[in-house]
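# Observations on chain architecture
So the chains spell out like this:
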Amino acid sequence: GLMFNHLRPRLAPLLSLARYNNLSLFLSLPLGILFYLLASSLLSSTSASNQLWLAIASHLSLVAVPTAIMIGCFGYAFISKVVTTFRKELVVAAGVAIFYDLAIFQIWKLWPLFSGAVLQVVRAIALLVTPNVSIVYPRTLYVSGYGVEIGESCSGLDSLFMFITLSIIIMAIEWKNLDHKRLLLMAIPGLVGIYLVNILRVLSLVMIGAFISADLASKLFHTYLGMVLFIIYFFIFWRFAYPSKKK
């Protein structure tokens, strides 16, 4: 909503240029098939040199598919004008995307450390509820017979990256309206908080699986609980951060 309101005054005059391009829409289908074939070859390739070229070709075809769809839906003239009008924003977005693409793979290597911390905290809390708690190497936690592996998806890194990314977007748009000092003071507590929310998510799944229903924990709650908790926490965090406008 913030992004749309920020861009709408400059985007509205360009909408008259929008036109369908049937050829581009048609080309998106073979481009999608090409991407699937290249990606499949990349996953099955064992040659380092082939992997490099296949990775480049896969990424290019992946970019080409949504590009063809956008040109097909809006026309070349509209897309060209949008690129010209929002050149600065697009360059910044591309730079941030490249940085995150490189950074996330490096930071993601730390997932065993983060998952290990989650495992130990959940184990300690579970021991307060029941003595029937054990760990099977390397990261499987058993509570009253219910076992769950505290793997990559339980590390909390994905929610940390999402929290940071969305916060950066809000700050970039509303920078002039925010209290910078207060945001700086809230940054570390905010990151710690989102990690604790992830621990609460894992703990809830384990407790539900151990004492209520294993199916309920592994299916319904595993799919939606993390998303719900993230949205609630993110809203609460920015409820306190956003209203603090500079006088």
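No experiment lies behind these values; they were computed from the predicted model shown.

Below, the discussion takes up the overall build of the protein. Of regular secondary structure, the protein possesses 9 helices and 3 strands. When its helices and strands are written in sequence order, the protein yields α-α-α-α-α-α-β-β-β-α-α-α. Compactness check: the protein gives a C-alpha radius of gyration of 23 Å against a globular reference of 18 Å for 247 residues, more than 25% above the reference. Counting only C-alpha atoms and orienting by the principal axes, one finds that the protein spans roughly 70 × 60 × 35 Å. Every one of the 247 residues in the protein was classed for burial, and the buried ones make up 30%. The contacts in the protein between residues at least 6 apart in sequence include a share of 74% that link residues at least 24 apart. For the protein, the exposed surface amounts to about 16,000 Å²; the carbon and sulfur share of it is 72%.

Backbone torsion omega between Y137 and P138 reads 0°, so that peptide bond is classified as cis. Mapped onto the fold, P138 is located in the loop between β1 (133–136) and β2 (140–143).

With that out of the way, let us pick up a nonpolar patch on the surface. A cluster of nonpolar side chains, namely L220, Y224, M227, V228, I231, I232, F235, I236 and F240, defines an oily patch on the protein surface of about 910 Å² accessible area. Structurally, the position occupied by V228 is in helix α9 (residues 214–241). Residue V228 is classed as partly exposed on the basis of its relative accessible area, which comes to 40%.

On to the layout of surface pockets, then. Quantified by volume, the second largest pocket comes out at close to 340 Å³. D158, S159, R201, G226 and M227 are the residues nearest the centre of the second largest pocket, which is lined by 15 residues in total. For the lining of the second largest pocket, the secondary-structure elements that each account for two or more residues are α7 (157–174), α8 (180–211) and α9. When residues in the lining of the second largest pocket are grouped by element, the largest group, 7 residues, is from α9.

Moving on: helix α2 (residues 22–44). Taking 1.5 Å per residue as the helical rise, α2 with its 23 residues ought to reach 33 Å, and the 34 Å between its terminal C-alpha atoms agrees with that figure. For α2, the side-chain oxygen to backbone nitrogen distance between the N-cap and L23 is 3.3 Å, and the N-cap itself is N21.

Criteria and thresholds
Residues numbered from 1 in each chain as written. Predicted model: local features only at pLDDT ≥ 70, side-chain atom pairs only at ≥ 80, totals over all residues. Heavy atoms only, no water. Helix = DSSP H or I, 4+ residues; strand = E, 2+ residues; numbered from the N terminus. Rg over C-alpha atoms; globule rule 2.2 N^0.38 Å. Buried < 20%, exposed > 50% of the residue type's maximum accessible area, 1.4 Å probe, protein only. Contact = heavy atoms within 4.5 Å. Areas by Shrake-Rupley, 256 points an atom, 1.4 Å probe, with all protein chains shown as cover. Patch = residues over 30% accessible without salt bridge, like charges linked within 9 Å, V, L, I, M, F, W, Y side chains within 5 Å. Salt bridge = Lys/Arg side-chain N within 4 Å of Asp/Glu carboxyl O. 1 Å grid on protein atoms, 1.4 Å probe; cavity = no way out; pocket = protein on both sides within 12 Å on 5 of 7 lines; lining within 4 Å. Points joined across faces, edges and corners; volume = space filled by probe spheres on them. Expected span 1.5 Å × (residues − 1). Polar contact = N/O pair within 3.5 Å; in protein donor to acceptor, adjacent residues only side chain to side chain.

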